[in-house]
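Each chain is listed here by its residues.
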Amino acid sequence: MTARAAIVVFPGSNCEGDCARALGALGVATELVWHTDEGLPDCDLVVVPGGFAHGDYLRTGAIARFSPVMGAVRAHAAAGKLVIGICNGWQILCEAGLLPGALRRNSGLKFVCKWTDIRVANAATPFSTRAEEGQVLRVPVNHFEGNWYCDRDVLSRVHANRQIVFRYADNPNGALDDVAGLTNEAGNVLGMMPHPERASEALLGSEDGRLILGSMLDHVSALAPA
Amino acid sequence: MGAWVHRELGLTDDELDSIVRRLGRDPTYTELAMFSVMWSEHCSYKSSRKHLATLPSRGDHIIIGPGEGAGVVEVVPGVAVAWKVESHNHPSYVEPGNGAATGVGGIVRDILSMGARPIALLDSLRFGAPGDAHTNYLIDGVVGGISSYGNAIGVPTVGGEAVFDSCYAQNPLVNVACLGIVEGELQQGRAEGPGNVFVLIGSSTGRDGIGGASVLASAEFDAGSSEKRPAVQVGDPLAEKLLIEGCLELAGRGLLVGFQDLGAGGISCPVAEMTSKAGTGAIVDLDQVHRREPGMAPFEVMISESQERMLAVVDPADVDEVLAICERWELVGRVVGVVTPTGRVVVEGGGEVVADVPADALAEEAPIYDRASIRPGELEELSAAEPGDGPPEDLGAALLALLSSPTVASKRWIWEQYDHMIGLGTVIGPGADAAVIRLPGSEAAVALAVDGPGRYCVLDPYEGARLAVAEAARNVACTGARPVAVTNCLNFGNPEKPGVMWAFTETVRGLGDACEALGTPVTGGNVSFYNETEGRAVFPTPVIGMLGALESAADAVGMGLVGDGEALVLLGDTGGSDFGGSEYGKVMWGALGGRPPALDIDAEAALHRLLHEAARGHLLRSAHDCSAGGAGVALALAAFAGGRGFEVELPGDEPHRSLFAESPGRAVVSCSRDDLDALSDLAARHAVTAVRIGATGGAALDYGFVAVPLKVAEKAWSTGFATSISTTID
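Residues numbered from 1 in each chain as written. Chains lettered and ligands numbered in written order. Predicted model: local features only at pLDDT ≥ 70, side-chain atom pairs only at ≥ 80, totals over all residues. Heavy atoms only, no water.

## Thoughts on the sheet that holds strand E25 (residues 667-671) of chain B
Residue and element names in this part refer to chain B. In spatial order, the strands read E23-E25-E22-E26-E24-E27-E28; together these seven strands make up an open sheet with mixed pairing. Of all the strands in the sheet, just strand E23 (622-625) and strand E28 (707-709) have a single pairing partner and so form its edges. Along the sheet, successive strands turn relative to each other by an average axial angle of 20°, direction set aside. Sheet strands in contact with helix H19 (residues 461-478) are E23 and E25, and its direction is about 170° off that of E23. (Pairing = 2+ DSSP bridges. Helix = DSSP H or I, 4+ residues; strand = E, 2+ residues; numbered from the N terminus. Axes fitted to C-alpha atoms, helices over the stretch in contact; angles between N-to-C directions. Contact = heavy atoms within 4.5 Å.)

## Observations regarding the interface of chain B and chain A
Residue-level contacts link 30 residues of chain B with 28 residues of chain A. Of the roughly 2,400 Å² buried where chain B meets chain A, counting both sides, 60% is carbon and sulfur surface. Remark: the boundary between chain B and chain A carries three salt bridges. The closest approach of N and O atoms between Lys-110 of chain A and Asp-140 of chain B, which form a salt bridge, is 2.5 Å. One can count 11 residue pairs in polar contact (both at pLDDT 80 or more) joining chain B with chain A. (Buried area = accessible area lost by both parts, 1.4 Å probe. Salt bridge = Lys/Arg side-chain N within 4 Å of Asp/Glu carboxyl O. Polar contact = N/O pair within 3.5 Å; in protein donor to acceptor, adjacent residues only side chain to side chain.)

## Describing the packing of helix H3 (residues 29-38) of chain B against helix H11 (residues 268-278) of chain B
Residues and elements named next belong to chain B. In the contact formed by H3 and H11, the axes pass within 10 Å of each other and the chain directions differ by 80°. In this view, H3 runs roughly perpendicular relative to H11, as classed from their interaxial angle. Across the interface between the two elements, Met-34, Val-37 and Met-38 from H3 touch Ser-268, Cys-269, Ala-272 and Glu-273 from H11. Among the residues making up the contact of H3 with H11, the classes are represented as five nonpolar, one polar and one charged. (Parallel < 35°, antiparallel > 145°, perpendicular 65-115°, else oblique. Nonpolar A, V, L, I, M, F, W, Y, C, P; charged D, E, K, R; others polar.)

## Points about the pairing of E25 of chain B
Residues and elements named next belong to chain B. In terms of burial, E25 is a largely internal element, five of the five residues being buried. Taking every second residue as pointing to the same face, both faces of E25 are buried, with Ala-667, Val-669 and Cys-671 on one and Val-668 and Ser-670 on the other. Pairing between strand E22 (residues 567-571) and E25: five bridges, direction antiparallel. Paired with Leu-570 across the two strands is Val-668, which belongs to E25. Sheet topology places E23 next to E25; four bridges connect them, and they run antiparallel. Along E25, the bridge assignment pairs Asp-625 with Ala-667. (Buried < 20%, exposed > 50% of the residue type's maximum accessible area, 1.4 Å probe, protein only.)

## Here's the deal with the nonpolar core
Looking at soluble globular proteins, one finds that nonpolar side chains tend to be buried together. Core analysis: the largest hydrophobic core is formed by 68 residues, its most contacted members being Phe-10, Trp-90, Leu-93, Trp-148 and Phe-166 of chain A. Look past the residues within four positions of Leu-93 of chain A in its chain and what remains in contact with it is Val-48, Met-70, Val-73, Val-83, Ile-84, Gly-85, Leu-98, Leu-99, Val-189 and Leu-190 of chain A. In this structure, Val-72, Val-108, Ile-111 and Ala-116 of chain B belong to the second largest nonpolar core, which totals 64 residues. (Core = buried A, V, L, I, M, F, W, Y, C linked by side-chain atoms within 4.5 Å.)

## Some thoughts on the packing of aromatic side chains
Aromatic ring pairs are reported here in terms of the distance separating the ring centres and the angle at which the planes meet. Residues and elements named next belong to chain B. One pass over the structure, following the stated rule, counts 14 aromatic pairs over all chains. Between Phe-35 and Trp-39 the ring centres are 5.1 Å apart and the planes differ by 85°, which places this aromatic pair in the edge-to-face class. Taking relative accessible area as the criterion, Trp-39 reaches 1% and is therefore assigned buried. Pairwise contacts between aromatic rings join Phe-127, Phe-164, Trp-413 and Phe-721 into one cluster. (Phe/Tyr/Trp six-rings, centres within 6.5 Å; stacked < 30°, edge-to-face > 60°.)

## Some remarks on the pattern of salt bridges
All names here are of chain B. Per the stated rule, a full pass over the model turns up 46 salt bridges over all chains. A salt bridge links Glu-293 to Arg-207, with the nearest nitrogen and oxygen atoms 3.3 Å apart. Taken together, the residues span a long stretch of sequence, with Glu-293 in the loop between strand E9 (281-285) and helix H12 (298-303) and Arg-207 in the loop between strand E7 (197-202) and helix H9 (212-216) at a distance of 86 residues. A salt bridge links Glu-463 to Arg-466, with the nearest nitrogen and oxygen atoms 2.8 Å apart. Of this pair, Glu-463 and Arg-466 are both found in helix H19, three residues apart, which corresponds to roughly one turn of the helix. On the basis of relative accessibility, which here comes to 11%, the residue Arg-466 falls in the buried class. Sharing partners across several salt bridges, the network here consists of Arg-117, Glu-183, Lys-241 and Glu-245.

## Side note on H3 of chain B
Burial of H3 of chain B is extensive: nine of the 10 residues sit out of reach of the surface. Buried within H3 of chain B are the following residues: Thr-30, Glu-31, Leu-32, Ala-33, Met-34, Phe-35, Ser-36, Val-37 and Met-38 of chain B.

## Focus: the side chain of Ser-304 of chain B
Residues and elements named next belong to chain B. Checked against the element boundaries, Ser-304 lands in the loop between H12 and strand E10 (309-314). Reaching out from Ser-304, the side chain makes a polar contact with the side chain of Ser-306 at a distance of 3.1 Å. In this structure, Ser-304 is in contact with Thr-205, Gly-206, Asp-208, Gly-209, Ile-210, Gly-266, Ile-267, Met-296 and Arg-309, ignoring residues within four places of it in sequence.

Given below as structure tokens:
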């Protein structure tokens, strides 16, 4: 079967093309969905890509969460289907209440674009089955607000539910508990700062991002009727 | 109108007389404002045009040369790119964040105006020595401005350079280069077809940036320059991002008859230039221009440099479709005028005609000056002065001093603030000789480098310009690319001073000669004069943007040493006396004097051909050019990039000359031992000296006559700039 991905595009999103290309290389059929659309096309997974939705002139993601399309994204998530928010996409999903905690300014108070090593903290999620627990993946970050934070109660729930999927080996932004990516409680929505689509080709520096995107496809195929 | 208004607008008495003659009457205020921006140095190139016309600009692969929004080059058969560099020096000094940000926005729209999708940015920056509080404020602001704007519009900033010298302390240089891929039909900045309409697309028009071209870019600075802050434009990257997507859709659907960006000079510029080029005229209705504030006078609307705007010429039958596409991209599009056959630009506002002037008078027939040019006397003293080529007390300490000097030291602090990866094309990113960008939908790649060695140019602008071209081409060649075309930004002082004008003409002559010899035509560029504050000019600084072509992105060669035990080879000849304008002379002795390094342009070209062929034959594991700091520094940088040391012996009797002389035409390359013979044969065939100097590997930079632990050297290099920029900024 061919997996189908809807990539949500806000004014100011800018990683939608890269996500489409990286998923396309894995055999996924992708469709871009403009933020004013009320619904989503029939799809297995939703990607909220990186960028600067609405210019990030307000708190990141604070305006995007009101876009009409977000209702459909919520419904998709509530149905237990996969949603991945990358970078600005994670910020939007946080603002939309689909993921716990918040993303603050980097502790260095500078934008940071660099390759990072992230360690797989939980290989039993739909986003990490192709990797092994403890495996180090080389995936780049590119953000100003990637410093994940939450209160103590939320953190203990996040730990108890094993929601943390990736941790930085060398924390680039001050994120609490070195969190580079985590899921919601149900485990079907992932937010991550590093860009897996940028780590999809050896020529560009790493193929490790394919493990993340590929894990999602495995999950989707497993659900599909035989 | 006051008798001296024209002077406040930057027009001379003679220019006013000329305007009155052409109109047969006194100009209205709006007309005077339009002339002041169109005849400004920045827009008209009145001091430089005569000289720029001498540059080589033709070639089979050159699709569009100088004079349009950007040059267009066919890099491999069937794949064309648009490529240009522009300055935003003065705005960046007055207001560093917005000045630099709008510099990015401006060059991106130049590329967009050709119908090309912007896919890469590079920055060539000049500041005073970091560590000084004001200089650090400028660096932080400029880098932050480029970062916030470039990152948000989704165009990767893939490379560039930053050079520090006290002559730039009161006049930083911010030159931005942009590359675009031509996806469909090329667009032209021509208003053909009377009856077609002008559609203004993008941001609303406000009072920001009034007189940017005439007030900021075309006059020297003095102590009151910070009062010019209102003349700096304010950037809105979200609007630019939407503008890019919306306009590319309009171009892709074939809805544009003519297309041009609004930059310096506001709407006056594209209206005048597009009609002048097409031999048509225009009626512009200012009441239709969407504005961000009430009460603007007609002249303000005509010359406002509000950002993120484009002007399209559209067939009336297509207007509805054009406006619908604009709306979908959340852009405002307004029909603001019509093309006429009259040859005149008529501007109406509030039911009155506020301007009625010949289009050619504004554009094509702007003044051209042949300004006086005299070789300055100080040059003799500079030539006679010491270059600073004495031996150091301690070679190891000298190496560390060079590695930690801001110009040589790692600029990671800068480029980590830039998104250099978006677009999935960055094969080689910042910090290398040249960036290598794979082109969308193709196996081919381009290599891009910007270089401008001001310290050579101040000693001899002709030789300096040749060296700038040679170095930029060498940088591109080190990645395995073939240098194919040049864009340039010429940064100089006040052209009304004969010494500055002499340096300018010598630079253009050197640029032309070197480009001719290397077969890299000049496809356009930008001239920035009046880079002076309180009478002190910057070094003559021609920034060369070199475009290289790689048939296959997979052939690209990096600068870092790749494996252990591989052969290290020095290509090219070292001239022991090449210390004039050198980094060694500056860092060790505070010297600036003598002659710039001697350039044999044929030997340089041979080296580039050798590197290209060796890369295509997959003979090279790494390649890095020798420039500031000589072979000693070049080897160290290759070691840092590869995370391993080396053991070499350099030819020559005096260690410091072997290590630090800045002879051009050289590169340090590594290859597997098995390929050494093939590389040597190839070098011999190209008549390039190739000396096996040692092997890669180990934890030291071992030059034979001196060795430094890799970790120690790398720390000096990686902290040299970052520490000085961080000390005074919290």
